[in-house]
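What the coordinates show
Chain by chain, the residues run as shown.
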Amino acid sequence: MSGRYLLDTNIIIALFADEAIIKNNLAQASEVFIPSFAIGELCYGARKSGRVRENLARIDELVASSAILECDAETARQYGEVKNKLRLKGRPLPENDIWIAALALQHDLILVTRDAHFQEVENLPIVVW
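Below you will find a few notes about this structure. The structure displayed is predicted, hence computed values, not measured ones.

**With respect to the packing of aromatic side chains**
Scanning the model with the defined rule gives three aromatic pairs in all. Each ring, one from F37 and one from W99, has its centre 5.5 Å from the other, and the planes form 25 degrees; the classification is stacked. Of this pair, F37 sits in helix α3 (residues 36-48) while W99 sits in helix α6 (residues 95-106), placing them 62 residues apart in sequence. In this structure, F37 and W99 share a single accessibility class: buried. Note on Y79 and W99: the rings are 4.0 Å apart at their centroids and 15 degrees apart in plane angle, and the pair reads as stacked. Of the two residues, Y79 sits in helix α5 (residues 73-89) while W99 sits in helix α6, which places them 20 residues apart along the sequence. One aromatic cluster is present, formed by F37, Y79 and W99 through successive ring pairs.

**Examining the pattern of salt bridges**
Summed over the entire model, instances satisfying the criterion amount to nine salt bridges. Across the pair K23 and D18 runs a salt bridge, and its minimum N-O distance is 3.5 Å. With a relative accessible area of 39%, K23 lands in the partly exposed category. With a closest N to O distance of 2.6 Å, E95 and K83 form a salt bridge. With E95 in helix α6 and K83 in helix α5, this pair connects stretches of sequence that are twelve residues apart. For K83, a relative accessible area of 34% translates into the label partly exposed. A cluster of three or more residues bridged by salt bridges with shared partners is formed by E81, K85 and E122.

The rules behind each value
Residues numbered from 1 in each chain as written. Predicted model: local features only at pLDDT ≥ 70, side-chain atom pairs only at ≥ 80, totals over all residues. Heavy atoms only, no water. Phe/Tyr/Trp six-rings, centres within 6.5 Å; stacked < 30°, edge-to-face > 60°. Helix = DSSP H or I, 4+ residues; strand = E, 2+ residues; numbered from the N terminus. Buried < 20%, exposed > 50% of the residue type's maximum accessible area, 1.4 Å probe, protein only. Salt bridge = Lys/Arg side-chain N within 4 Å of Asp/Glu carboxyl O.

By themselves, these figures tell us nothing about what the structure is for.
Listed below in structure tokens is the structure:
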């Protein structure tokens, strides 16, 4: 299970829920990264929740202890390519998920997700935990 992984938002939520499978797999990973887009999704979810302060604090702890990947010009190029290929296939994905896929492709990472729609992205290695 060792490898270099990028965590989708739903995996981070499962980690926050203390799912043993997530914690066990992360313990065996050689490198783990968090996409900045997932941080945005988590902050949005926290602000909609009934425990805003606690949830934002948990996100801050994650950010402080994680390697966060941000968007740059190469990410944008990858995004454009992925989005166009999906358009040609008639298989759109949510915008943030296209950015997350672009980051994984750019950095040659395995995307950890529970969203089946990522299978539509060509050459994107995926694992479901």
